[in-house]
Amino acid sequence: MTTNRFAKKAKLENRINHNEKYMQLHFSLMEPFSQPFLAGQYVSIKIGERQDLRSYSICSSPSSLDGFDLLIDVTPHGIGTTFLQNLAIGAEIEVLAPLGKFVLKNDVLDRPIVLIGTGSGVAPLMSMCHQFLENMHGTHLMQLLWGERFSKDFIWLDTLNRLQQEHSNFKFLPTVSRPVEGETFPQGRVTDVLNSLQLIPSTNYYLCGNRSMIEDVSKFLLDKGVWESEIFYEKFY
Ligand SMILES: Cc1cc2nc3c(=O)[nH]c(=O)nc-3n(C[C@H](O)[C@H](O)[C@H](O)COP(=O)(O)OP(=O)(O)OC[C@H]3O[C@@H](n4cnc5c(N)ncnc54)[C@H](O)[C@@H]3O)c2cc1C
């Protein structure tokens, strides 16, 4: 039996306010109780009485079939983020899911992978890390480049450091674009980090973030001789 991928009901089970920028929400599925998804896919949430839609990438591992986590950058303070900030634990929402084609390609186990995210663009990339390293036991090199303005914005550092310790083929490369005095994180934009790497032929690049980052990184990679067919992206806004 195929399930209707639209109009699922989900219940807010938990909220973690990581810092001033990020909130993580855990939803359990109500109808149906279980739904497979691919790392990188997103849900579209019906917001409020006008039923506007807002899209949010799933950041949790696809091995959890009975629910999903979202990472919300609350700083836009628009109708979507305000709705989710005010949503009470136990509240039910309607979602269209799973959506999107920004997923690890079929040859994922045959090639090195570079994941490049800025801001909340790290959300689908985190799901991909879990899928590749923990579920698929991938052995090729996977590098996660994550750019934030400030080091205080980073979250999940324990998880990312653990993944790095447990998987010798995983490298986490954070960078801050607006370093403060005494900055301990590497500084620069994600293109600076890319520039410091030796680009390995046949690597697949997965980009997620805002439009200008996607344009800048794509141009950088194309100028370095990476094929267009090796670059995949999801634009948030
Ligand atoms: C496929 C897809 C997946 C997405 N996944 C996520 C996700 O995992 N986490 C997440 O936080 N957002 C994600 N977004 C963005 C999200 O859908 C909303 O656009 C965002 O939450 C703002 O909605 P809003 O109603 O609060 O603000 P709106 O009133 O719709 O927008 C307010 C302003 O904020 C800008 N804006 C939108 N997103 C951001 C942002 N992250 N940072 C700064 N400015 C922004 C918009 O361009 C607009 O000018 C995703 C978007 C797409 C298309």
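Residues numbered from 1 in each chain as written. Predicted model: local features only at pLDDT ≥ 70, side-chain atom pairs only at ≥ 80, totals over all residues. Heavy atoms only, no water.

Draft legend 1. Region of interest: the overall build of the protein chain. Helices and strands together make up the secondary structure of the protein chain, namely five helices and 11 strands. What you see for the protein chain is a C-alpha radius of gyration of 18 Å, in line with the 18 Å of a compact globule of 237 residues. In the protein chain, which comprises 237 residues, the share counted as buried stands at 51%. Contacts in the protein chain between residues far apart in sequence, at least 24 positions, make up 71% of those at least 6 positions apart. Of the roughly 11900 Å² that the protein chain leaves accessible, carbon and sulfur atoms contribute 49%. Each charge sign in the protein chain was given a centre, from 22 positive and 26 negative side chains, and these centres are 5 Å apart. (Helix = DSSP H or I, 4+ residues; strand = E, 2+ residues; numbered from the N terminus. Rg over C-alpha atoms; globule rule 2.2 N^0.38 Å. Buried < 20%, exposed > 50% of the residue type's maximum accessible area, 1.4 Å probe, protein only. Contact = heavy atoms within 4.5 Å. Areas by Shrake-Rupley, 256 points an atom, 1.4 Å probe, with all protein chains shown as cover. Lys, Arg positive; Asp, Glu negative; His and termini not counted. Charge placed at Lys NZ, Arg CZ, Asp CG, Glu CD.)

Draft legend 2. Structural detail: the domain arrangement of the protein chain. If you check the domain split of the protein chain, you get domain 1 (8–99) and domain 2 (108–235). Of note, the centres of domain 1 and domain 2, computed from C-alpha atoms alone, are 23 Å apart. At the interface, 19 residues of domain 1 touch 19 residues of domain 2. On the domain 1 side of the interface with domain 2, the three residues burying the most area are Y22, C59 and L71, jointly 30% of the side's total. Across the contact surface, domain 1 and domain 2 share one salt bridge. If you look at where domain 1 meets domain 2, you find 10 residue pairs in polar contact (both at pLDDT 80 or more). At the level of secondary structure, the elements contributing two or more residues to the side of domain 1 that touches domain 2 comprise β2 (22–31) and β5 (67–73). Looking at the side of domain 1 that touches domain 2 residue by residue, the classes come out as eight nonpolar, eight polar and three charged. (Domains from an automatic or database assignment. Buried area = accessible area lost by both parts, 1.4 Å probe. Salt bridge = Lys/Arg side-chain N within 4 Å of Asp/Glu carboxyl O. Polar contact = N/O pair within 3.5 Å; in protein donor to acceptor, adjacent residues only side chain to side chain. Nonpolar A, V, L, I, M, F, W, Y, C, P; charged D, E, K, R; others polar.)

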